Amino acid sequence: TTIAIGGDDGALSLWDVATGQQVSSFHGFDETVDCLAYSPDGRQLAAAGWKSDQIAIWTVAEPESPRLLPAEGPVRDIAFSPDGQRLAAGLESKSARVWDLASRKQLAVLPEQKLPIYAVAFSRDGGLLATGSGREVSAPQDATPMASPLASPGASPPASPTVNTEISGEVR
């Protein structure tokens, strides 16, 4: 079992949990690493940060040069879809985006929230994407490519319903 660690210099490293030894290092991301995500099969590793407008994706077996996705703004969180074919990002710009990893094409721009998107998560089947924004959690949005206006860049998506939570933990 390995754990990925990102630094403020953009470097990433993999460490063997059992031995405490570093087993690999990754380069090619130039900003502080604020979020990391493994693909479900463990073959890819993605990194991003709120000081960067790019997402770096490495093949774990070949850590020399990452593929870069343009995030169009600082990134707060990233998540792979359960099938590993898409990547979602929550952005400082108060929106979330979804990309197809094979083509590197942006598939969806989700409705803007009131605050930056600090958390993104796909449903178990990969068809929905939930976002967390401060004290708000959006109702899951369709994340299936071309299944809704959300999947068409430039289309006007419907307003996103939200669930407000209080600091007490109550959901209203």
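Only a predicted model underlies this, so the values are computations on that prediction, with no experimental measurement involved.

Colleague: Help me understand the pattern of salt bridges in this model?
Modeller: Note on pairing: side chains with opposite charge can pair once their charged atoms come close. In total, this model carries two salt bridges according to the counting rule given. The closest approach of N and O atoms between E72 and R97, which form a salt bridge, is 3.5 Å. Taken as a pair, E72 in the loop between strand 7 (62–70) and strand 8 (75–80) and R97 in strand 10 (residues 96–100) lie far apart in primary sequence, 25 residues in all. Across the salt bridge formed by R76 and E92, the nearest N and O atoms sit 2.6 Å from each other. Of this pair, R76 sits in strand 8 while E92 sits in the loop between strand 9 (86–91) and strand 10, and the two are 16 residues apart along the sequence.

Colleague: Would you explain the pairing of strand 11 (residues 105–109) in this entry?
Modeller: In regular strands, side chains alternate between the two faces of the sheet. As judged from the four bridges shared by strand 10 and strand 11, these two strands associate in the antiparallel manner. In the sheet register, R97 faces strand 11, and the bridge partner there is V109. The loop that links strand 10 with its antiparallel partner strand 11 comprises four residues; one of these, R104, has a positive phi angle of about 65 degrees.

Colleague: Before we go on, may I ask you to explain the packing of aromatic side chains in this structure?
Modeller: Note on aromatic pairs: each is described by the distance of the centres and the angle between the planes. Within this structure, the stated rule accounts for one aromatic pair. Centroid distance F26 to W58: 5.6 Å. Interplanar angle 70 degrees. Geometry classified as edge-to-face. You can see F26 sitting in strand 3 (residues 22–26) and its partner W58 sitting in strand 6 (residues 54–59), a full 32 residues away along the chain. W58 carries the same exposure label as F26, and that label is buried.

Colleague: Would you mind showing me how to read a nonpolar patch on the surface here?
Modeller: On the surface, a cluster of nonpolar side chains totalling about 250 Å² of accessible area is made up of I3, I5 and V17. Tracing the sequence through the fold places V17 in the loop between strand 2 (12–16) and strand 3.

Colleague: Just to check I follow, could you spell out the confidence of the model for the protein for this structure?
Modeller: Close reading of the predicted structure is inappropriate where its pLDDT is low. With 78% of its residues at a pLDDT of 70 or more, the protein shows a mean pLDDT of 80. Ignoring residues within four places in sequence, the model shows residues 145–172, a span with pLDDT below 50, making 53 contacts including any to other chains.

Colleague: Please explain the sheet that holds strand 2 as it appears in this structure.
Modeller: Whether parallel or antiparallel, the strands of a sheet pair through hydrogen bonds between backbone atoms. Spatial strand order, 1-2-3: three strands in an open sheet with antiparallel pairing. The strands lining the two open edges of the sheet, one partner per strand, are strand 1 (2–6) and strand 3. Sheet twist, expressed as the average angle between the axes of neighbouring strands with direction ignored, equals 20 degrees. Where strand 2 meets strand 3, four bridges bridge the pair, whose relative direction is antiparallel. Within strand 3, the position partnered with L14 by the bridge is S24.

What counts, and where the lines are drawn
- Residues numbered from 1 in each chain as written.
- Predicted model: local features only at pLDDT ≥ 70, side-chain atom pairs only at ≥ 80, totals over all residues.
- Heavy atoms only, no water.
- Salt bridge = Lys/Arg side-chain N within 4 Å of Asp/Glu carboxyl O.
- Helix = DSSP H or I, 4+ residues; strand = E, 2+ residues; numbered from the N terminus.
- Pairing = 2+ DSSP bridges.
- Phe/Tyr/Trp six-rings, centres within 6.5 Å; stacked < 30°, edge-to-face > 60°.
- Buried < 20%, exposed > 50% of the residue type's maximum accessible area, 1.4 Å probe, protein only.
- Patch = residues over 30% accessible without salt bridge, like charges linked within 9 Å, V, L, I, M, F, W, Y side chains within 5 Å.
- Areas by Shrake-Rupley, 256 points an atom, 1.4 Å probe, with all protein chains shown as cover.
- pLDDT = per-residue confidence, 0-100.
- Contact = heavy atoms within 4.5 Å.
- Axes fitted to C-alpha atoms, helices over the stretch in contact; angles between N-to-C directions.

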